[in-house]
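Letter by letter, the chains look like this.
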Amino acid sequence: MKNISDEVLFSKAEKAREASYCPYSGYAVGAALLCADGTVYTGANIENASFPLTVCAERTAFFKAVSEGKRDFTAIAVSGGEKDKKYSACSPCGSCRQVMREFCGDDFRIVLFDGEKIKAFTLGELLPFGFSL
């Protein structure tokens with residue numbers, strides 16, 4: 001497993017925000033997903049006028065990685081905030097947490113900005129009552 005720092009992973013998520021398509025909410029989100037082999041897949045949120053068809057940045061990153069055969073993940077960083085402004089506190093939605101649960105264990109790390117500093121949580125902390133079959 002190859003590690004990169006939380007700060008570097010978060011900076012990749014911040015860069016991914018630039019590709020966000022968010023004409024309806026104005027809220028841009030970027031994600032950077034770290035694979036166990038050191039590969040990083042990024043994603044941005046992509047909105048749609050039919051809002052349920054919107055895809056979050058986290059799921060975009062996961063779907064890109066999975067569609068290329070990756071299945072072993074160690075961490076994801078998520079950066080969100082008003083488009084063209086500095087990031088603010090942003091946490092994965094329930095749908096994204098469920099996708100994380102599909103592919104990751106309780107020790108999977110989620111790197112977020114808590115409003116003051118970059119901080120890491122585990123999937124077990126953010127989705128404490130999940131289980132895998």
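This text goes with the structure placed above it.
Fair warning: this is a prediction, and the values are worked out from it, not measured in the lab.

Turning next to the sheet that holds strand 2 (residues 40–44). The strand order across the open sheet built from 5 strands is 2-1-3-4-5, with neighbouring strands paired in mixed fashion. Whereas interior strands pair on both sides, the edge strands pair on one side only; in this sheet they are strand 2 and strand 5 (118–122). Strand-to-strand, the axes of this sheet are offset by a mean angle of 20°, without reference to chain direction. In this sheet, strand 2 lies alongside strand 1 (residues 27–35) in antiparallel orientation, the contact comprising 5 bridges. Bridging across to strand 2, Leu34 finds its partner in Val40. Most of the contacts of helix 2 (residues 57–67) go to strand 2, to which it runs at about 140°, and overall it touches strand 1, strand 2 and strand 3 (73–82).

What follows concerns the pattern of salt bridges. With the rule as written, the count across this model stands at 6 salt bridges. Taking the shortest distance from any N to any O, the salt bridge between Arg109 and Asp6 comes out at 2.6 Å. Within this pair, whereas Arg109 is found in strand 4 (residues 109–113), its partner Asp6 is found in helix 1 (residues 6–16), the two being separated by 103 residues in sequence. Classification of Asp6 as buried rests on a relative accessible area of 17%. Notably, a salt bridge pairs Glu14 with Arg17, separated by 3.1 Å at the nearest N-O pair. Look at Arg17 and you get buried, because its relative accessible area is 5%.

So, about the nonpolar core. Ranked by internal contacts, the top residues of the largest apolar core, which has 24 residues, are Leu33, Phe62, Phe73, Ile76, Met100, Phe108 and Ile110. When residues of this core are traced back to their parent elements, those giving at least two are strand 1, helix 2, strand 3, helix 3 (94–103), strand 4 and helix 4 (123–126). A total of 5 residues in this core trace back to one element, the largest contributor, which is helix 2. For Phe62, the residues in contact, after removing those within four places along its chain, are Leu33, Phe73, Ile76, Val99, Met100, Phe103, Cys104 and Phe108. Residues Leu34, Ala75, Ala77 and Val111 belong to the second largest nonpolar core, which totals 10 residues.

With respect to the helices and strands, the residue Ser79 is situated in strand 3. A relative accessible area of 1% means that Ser79 is categorised as buried. Spatially, the C-alpha atom of Ser79 lies 6.5 Å from that of Cys90, the residues being 11 residues apart in sequence. Ignoring any residue separated from it by four or fewer positions in sequence, one finds Ser79 in contact with Phe10, Ala13, Glu14, Arg17, Ala28, Val29, Gly30 and Tyr87. At 2.3 Å, the side chain of Ser79 and the side chain of Glu14 are in polar contact.

This part takes up the packing of aromatic side chains. Between two aromatic rings, the relevant description is the distance of the centres plus the angle of the planes. The full count for this structure, using the stated rule, is 6 aromatic pairs. Ring centres of Phe62 and Phe103 lie 6.2 Å apart, and the angle between their planes is 25°; on these two criteria the pair is classed as stacked. In this pair, Phe62 is assigned in helix 2 and Phe103 in helix 3, connecting sequence segments 41 residues apart. The class for Phe62 is buried, based on a relative accessible area of 0%. For Phe103, a relative accessible area of 28% puts it in the partly exposed group. Measuring from centroid to centroid gives 6.0 Å for Phe62 and Phe108, while their planes differ by 55°, and the two rings are tilted.

Procedures and definitions
- Residues numbered from 1 in each chain as written.
- Predicted model: local features only at pLDDT ≥ 70, side-chain atom pairs only at ≥ 80, totals over all residues.
- Heavy atoms only, no water.
- Pairing = 2+ DSSP bridges.
- Helix = DSSP H or I, 4+ residues; strand = E, 2+ residues; numbered from the N terminus.
- Axes fitted to C-alpha atoms, helices over the stretch in contact; angles between N-to-C directions.
- Contact = heavy atoms within 4.5 Å.
- Salt bridge = Lys/Arg side-chain N within 4 Å of Asp/Glu carboxyl O.
- Buried < 20%, exposed > 50% of the residue type's maximum accessible area, 1.4 Å probe, protein only.
- Core = buried A, V, L, I, M, F, W, Y, C linked by side-chain atoms within 4.5 Å.
- Polar contact = N/O pair within 3.5 Å; in protein donor to acceptor, adjacent residues only side chain to side chain.
- Phe/Tyr/Trp six-rings, centres within 6.5 Å; stacked < 30°, edge-to-face > 60°.

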